[in-house]
Amino acid sequence: MFKLDMPVDSRVVQAVERRRAAEAARHERIFSTRSRVIGVDTIVLEQQIAERRNREEVEKQQDLELDTLRVSIDHMVLEQVKEEEQRRRELAEELQQYRALCQRPEDSRDADINYKHQGAPSVYLPSEESLGPASMQVFQGEGIGEEEKKRFQMELNERTFRAQREERDRQEKEKKHKDMLRDMELMQRNLIDVQLDALEEECKRAARMALKSYNQAQVDERRERERQEKLRQEGEGMKEVWHMVTSDLLTESPEAAAREGERSAEAPRVLPDRWKGMSPKQLSAIYRQREEQRAEKEAQRQLEKQRELAWGLQQLEEAREQVEEERRLREMERERRLQLDKYNQQLAQEQQIHQQYLNKQIYTNRPTARYFSQFNTSSR
């Protein structure tokens, strides 16, 4: 395989350094003799108190900011409601004006029919009798009511322009209204996000308080167990001291000596004020026991020496076998490398022969510029 020098990811290095620093801090905290022997680490407690106060100040500041944001949003909503009502009134008034100007009854298609019945003046049309049979002064569709048509067309154009301007103003107002609604929606979403963050922080704070209570209960339970253990040990110590003080070992009472002598004639209780020395039988028993212990110790020493010698021989044999195994592995590795070198040389020769075959027999007809110029000569 190829060996590539890939760049080391800085994030991986930072993560490793961070874990190492955390492990070193934990090791120093756990194996600190001062904290383990003397008691509680006051520096860490003061740091935790300061962090809790800072956290409470930050939470208080966040609550104040949220209250201010709620008040400002309420004022903004009231202003928007007022603007919406004012805009509706203006739209209603503009609609009334548009109807009064652009949708008059006299501008409808059947206005001439309706106004003839109501006595409205009609357009003057000269009769053919007054013009005569051969006058040819008025043609159909020409010269009749030209002034009124022009005035009517100008008024129609003016109403059309006014309607277009009002439509454009209305569209701009609708666009502003949509932008304002979108801004309100964004502000509402931001407020919801802030509230969710506050709820999440509250949950985390409750979890930390629960964990702190659990840890405090564990500490109290451990202290109670230590106190009970200490009381038990003190009671056992007092019992042992009382037993030693009141036992026959320190009192040396004659009655106890008599009872001991009655139970065992070989080892009667010795009274210091009456002791005259050990008997020959006791001395011979001590000497015999000492010789037995010496012989047992010598046998144990010889056995240990033989065991160490056997262990040394076994280690020497294992070392010899290990050296032989390493030599055999090196020989096998050298043979494998030789075979691999021969195989690589064979592959190189075959590749060289194949390349020569391609260059001298296959790729003999080299393309010229004329061959490449026949392509891409049309849009297809």
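Within each chain, residue numbers correspond to sequence positions counted from 1 in written order. Totals for whole chains, interfaces and linings use every residue, but because this is a predicted model, local features are given only for residues with pLDDT of at least 70 and side-chain atom pairs only at 80 or more, for both listing and counting. Calculation of side-chain values draws on the structure's entire complement of heavy atoms; hydrogens and water are dropped beforehand.

(A) Up close: the overall build of the protein chain. The helix and strand inventory of the protein chain stands at 10 helices and 0 strands. Going residue by residue from the N terminus, the α and β elements of the protein chain occur as α-α-α-α-α-α-α-α-α-α. Here the protein chain holds 380 residues, and 5% of them are scored as buried. Contacts: residue pairs with any heavy atoms within 4.5 Å of one another. Across the protein chain, contacts joining residues at least 24 apart in sequence account for 49% of those joining residues at least 6 apart. Computed with the Shrake-Rupley method and a 1.4 Å probe, the accessible areas treat only the protein chains shown as cover for residues. As displayed, the protein chain has an accessible area near 35,400 Å², and 54% of this comes from carbon and sulfur atoms. Only DSSP runs of H or I with at least four residues qualify as helices, and only runs of E with at least two residues qualify as strands; both kinds are numbered from the N terminus onward. Relative accessibility under 20% of the residue-type maximum defines a buried residue, over 50% an exposed one, and the middle range a partly exposed one, all with a 1.4 Å probe and only protein chains included.

(B) Broad picture of the pattern of salt bridges. Each salt bridge in this description consists of a side-chain nitrogen of Lys or Arg and a carboxyl oxygen of Asp or Glu lying within 4 Å of one another. Inspection of the entire model under this criterion finds 30 salt bridges. Close ionic contact of Arg 20 with Glu 17 constitutes a salt bridge, the shortest N to O distance being 3.7 Å. Residue Arg 20 and its partner Glu 17 are both found in helix α1 (residues 10–30); the two are separated by 3 residues, about one turn of the helix. With a relative accessible area of 54%, Arg 20 lands in the exposed category. We classify Glu 17 as partly exposed; its relative accessible area is 44%. Among the ionic pairs, Glu 298 bridges to Arg 301, the shortest N-O distance being 2.5 Å. Separated by 3 residues within a single helix, Glu 298 and Arg 301 lie in helix α9 (residues 280–362), roughly one turn from each other. On the accessibility criterion, Glu 298 (36% relative accessible area) is partly exposed. What emerges from the salt-bridge pattern is a single network uniting Glu 59, Glu 202 and Arg 205.

(C) The arrangement of a nonpolar patch on the surface in detail. A patch consists of residues exposed above 30% relative accessible area that lack any salt bridge, with like charges linked at up to 9 Å and nonpolar side chains (Val, Leu, Ile, Met, Phe, Trp, Tyr) linked at up to 5 Å. Taken together, Ile 192, Leu 196 and Leu 199 make up a surface patch of nonpolar side chains, about 270 Å² in accessible area. Secondary-structure assignment places Ile 192 in helix α6 (residues 146–246). Given a relative accessible area of 37%, Ile 192 falls into the partly exposed group.

(D) Looking closely at the confidence of the model for the protein chain. The pLDDT score gives, residue by residue, the confidence of the prediction method on a 0 to 100 scale. Model confidence for the protein chain is summarised by a mean pLDDT of 79, while 74% of its residues fall at 70 or above. Mean pLDDT values for the elements of the protein chain range from 51 in helix α8 (residues 254–263) up to 91 in α9. With pLDDT under 50 throughout, residues 116–125 is counted as low confidence; its partners more than four residues away or in other chains account for 4 contacts.

(E) Region of the structure containing the side chain of His 177. Along the chain, His 177 turns up in helix α6. Setting aside residues up to four positions removed in sequence, His 177 forms contacts with Glu 84 and Arg 87.

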